[in-house]
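Descriptive structure summary
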Amino acid sequence: MAEPTYRILEILAKSLVLATGTRVSYVGAENVPDRGGAVISINHTSYVDWLPAALAMNRRHRRMRFMIKAEMQRVKVINFLIKRTKTIPVDRGAGAGAYAAAVRRLREGELVGVYPEATISRSFELKEFKTGAARMALEADVPIVPVIVWGAQRIWTKDHPKRIGRAKVPITVQVGPPLQAAGDLEQTEDALRAAMTNLLHQVQQGYPQPAGEYWVPRRLGGGAPTLAEAAQMDADEAAARAASRTPHRSR
């Protein structure tokens, strides 16, 4: 547990939680293995949900190695931190190298944090999962630990203003029992999705859900888009991004 840079980041993260008055509740943290590799599978509703998830691992005296967009290496400070915290850069156009690095870290006994949805869920429901989490666990022969972070979308999410100040937002982090990756890929994925869906519903039952609020799923009477509406918004966003990268031919 040396890693001075990671230790400084842990102290800063805890200080930030205190300074903003954020109230983080941890449920089931004892489900994080106290040793050995594991894939930590986290739902994705916010730009900051990685922080309470990492603090949940810290409660078990473990450190999580996140996978991060390779483009972030262009930012000098971020690149410095990537190199000193064993973060795994992912080139979305050629992800094989990052995948191999993640499997290697798992076999070395590390916790690797993965968002199976890949991008933020605008509906705050679970989107379609990518196969990475299940594939890594099967190849490295390690368990998958399902984690739900709820409430962080009130601080900073897509399409809504940030609330970075002293907003005193309550956040719940619930960790489920480890799932042993076994059988084929489809069985492992189905088990992971079922576990995360169950956890999400458990967390939501114990969290106030004011009617009409943008951060509350439509299913619970909130103002968030439905899964279908959110999928269309994602598709429109991707199309606009692709169009902006396409060079215009001069007439």
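The name an unreviewed UniProt entry assigns to the protein chain is 1-acyl-sn-glycerol-3-phosphate acyltransferase, from the organism Mycobacterium basiliense.

**Regarding the overall build of the protein chain**
Looking only at helices and strands, one finds 7 helices and 8 strands in the protein chain. Here the protein chain has a C-alpha radius of gyration of 18 Å; the compact-globule value for 251 residues is 18 Å, and the two agree. The dimensions of the protein chain, computed from C-alpha atoms along their principal axes, are 50 × 50 × 40 Å. Taking all 251 residues of the protein chain together, the buried fraction comes to 46%. A separation threshold of at least 6 residues defines the contact pool for the protein chain, and within that pool the share at least 24 residues apart is 73%. When the accessible area of the protein chain is evaluated, it comes to approximately 13,200 Å², of which 55% is carbon and sulfur surface. The centroid of the 36 positive side-chain charges in the protein chain is displaced by 9 Å from the centroid of its 24 negative side-chain charges.

**Examining the packing of aromatic side chains**
Scanning all chains against the criterion turns up 2 aromatic pairs. Summarising the aromatic geometry, the rings of Y47 and W156 are spaced 5.0 Å apart at their centres and angled 50 degrees between planes, so their arrangement reads as tilted. Of the two residues, Y47 is situated in the loop between strand 2 (38-42) and helix 2 (50-58) and W156 in the loop between strand 6 (143-150) and strand 7 (170-175); the sequence distance between them amounts to 109 residues. A relative accessible area of 38% places Y47 in the partly exposed class. When its relative accessible area of 30% is taken as the criterion, W156 is described as partly exposed. Both rings, one in Y207 and one in W215, keep their centres 5.9 Å apart while their planes meet at 80 degrees; by these two values the pair is edge-to-face. Accessibility expressed as a relative area gives 6% for Y207, which makes it buried. The exposure class of W215 is buried, given its relative accessible area of 4%.

Parameters and conventions
- Residues numbered from 1 in each chain as written.
- Predicted model: local features only at pLDDT ≥ 70, side-chain atom pairs only at ≥ 80, totals over all residues.
- Heavy atoms only, no water.
- Helix = DSSP H or I, 4+ residues; strand = E, 2+ residues; numbered from the N terminus.
- Rg over C-alpha atoms; globule rule 2.2 N^0.38 Å.
- Buried < 20%, exposed > 50% of the residue type's maximum accessible area, 1.4 Å probe, protein only.
- Contact = heavy atoms within 4.5 Å.
- Areas by Shrake-Rupley, 256 points an atom, 1.4 Å probe, with all protein chains shown as cover.
- Lys, Arg positive; Asp, Glu negative; His and termini not counted.
- Charge placed at Lys NZ, Arg CZ, Asp CG, Glu CD.
- Phe/Tyr/Trp six-rings, centres within 6.5 Å; stacked < 30°, edge-to-face > 60°.

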